[in-house]
Structures are given as structure tokens and as C-alpha cells.
Amino acid sequence: HVGGSTEEAQAMIGEEVAAALLKCINEGSTYGAVNFPEVDMKKDATMTTHRLLIIHENTPGVMSAINNVFTEAKANICQQFLNTKGSVGYVIMDTNVEASMEVKKQLTNM
């Protein structure tokens, strides 16, 4: 239920939802999420990094395994932000190089 009882309120709600959806699509932000880990990381101002969005099972050692994939690929993790909610983990990660198909395959198989 959206509590927009006036046309002005409904328009403002529509703008807010559209902005949040665009931020999710463009940056991976889940700010304001209710049933998913809330993560919001600013994009690198230099625009030289490559962003990855990784949803994973919240189990011990999974972040170590994810980071190890990038270590083996000789990629530098420039910044990352992790949050979990129940059994779900979500991490936004910026690296200095684009993830190869092999890296993406390894992450998918986790």
C-alpha cells in the first residue's frame, strides 16, 4: 500500500520509486530494501573501475572465496560493500579490471 492520497503525493511517490529503481539498475544500490540486504556504495569518481554485483548464500567463507577469485585473476578490489539478511548476502565490488568470462563463471558456480 502506498499512502499517496493526493495527486501531488502520488507523483512524488512515483518519482521516488523511479529514482530508486534507476539507482539499483545503474549502481546496484538496494537502499531502502525490506526483504533483501541493503547496500549502497558510491561509484568511483574517476570512473576507471568496473562494478560487480554478487548475490550469494550467507555462509562462512564465501567472501574469502569470492575475494580469492579476484586474487587469482590478478585483479585489485578497489572497494566493496557487503551486507547480509538471513541466508542472503549481497556485495557490490569495484575492481581495477573488467571481470573475465572465467571470473564470472567461477562466481556463478559459488
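Quick note: structure is the one above.
Read on for a plain summary of the structure. (Residues numbered from 1 in each chain as written. Predicted model: local features only at pLDDT ≥ 70, side-chain atom pairs only at ≥ 80, totals over all residues. Heavy atoms only, no water.)

## What about the overall build of the chain?
Broken down by element type, the chain carries three helices and three strands. The C-alpha radius of gyration computed for the chain amounts to 17 Å, which surpasses the reference 13 Å derived for 110 residues by more than 25%, pointing to a less compact arrangement than a globule. A principal-axis box enclosing the C-alpha atoms of the chain has dimensions of 55 × 35 × 20 Å. Scored against the burial criterion, the 110 residues of the chain give a buried share of 24%. The positive charge centre, built from 8 side chains, and the negative charge centre, built from 13, are 9 Å apart in the chain. (Helix = DSSP H or I, 4+ residues; strand = E, 2+ residues; numbered from the N terminus. Rg over C-alpha atoms; globule rule 2.2 N^0.38 Å. Buried < 20%, exposed > 50% of the residue type's maximum accessible area, 1.4 Å probe, protein only. Lys, Arg positive; Asp, Glu negative; His and termini not counted. Charge placed at Lys NZ, Arg CZ, Asp CG, Glu CD.)

## Remarks on the environment of Gln-106
Here Gln-106 lies in helix α3 (residues 101–108). Classification of Gln-106 by relative accessible area gives partly exposed; the value is 27%. Linking Gln-106 and Glu-7, residues 99 residues apart in sequence, is a C-alpha distance of 49 Å. If sequence neighbours within four positions are ignored, Gln-106 has contacts with Val-69 and Glu-72. (Contact = heavy atoms within 4.5 Å.)

## With respect to the sheet that holds strand β1 (residues 50–57)
Spatial ordering of the open sheet is given by β1-β3-β2, a layout of three strands whose pairing is antiparallel. In the strand order of this sheet, the two ends are held by β1 and β2 (77–85), each with one partner. Each neighbouring strand pair of the sheet contributes to a mean axis angle of 15°, computed without reference to strand direction. Pairing geometry for β2 and strand β3 (residues 88–95), over eight bridges, is antiparallel. Residue pairing in the sheet places Thr-84 in a bridge with Gly-89 of β3. (Pairing = 2+ DSSP bridges. Axes fitted to C-alpha atoms, helices over the stretch in contact; angles between N-to-C directions.)

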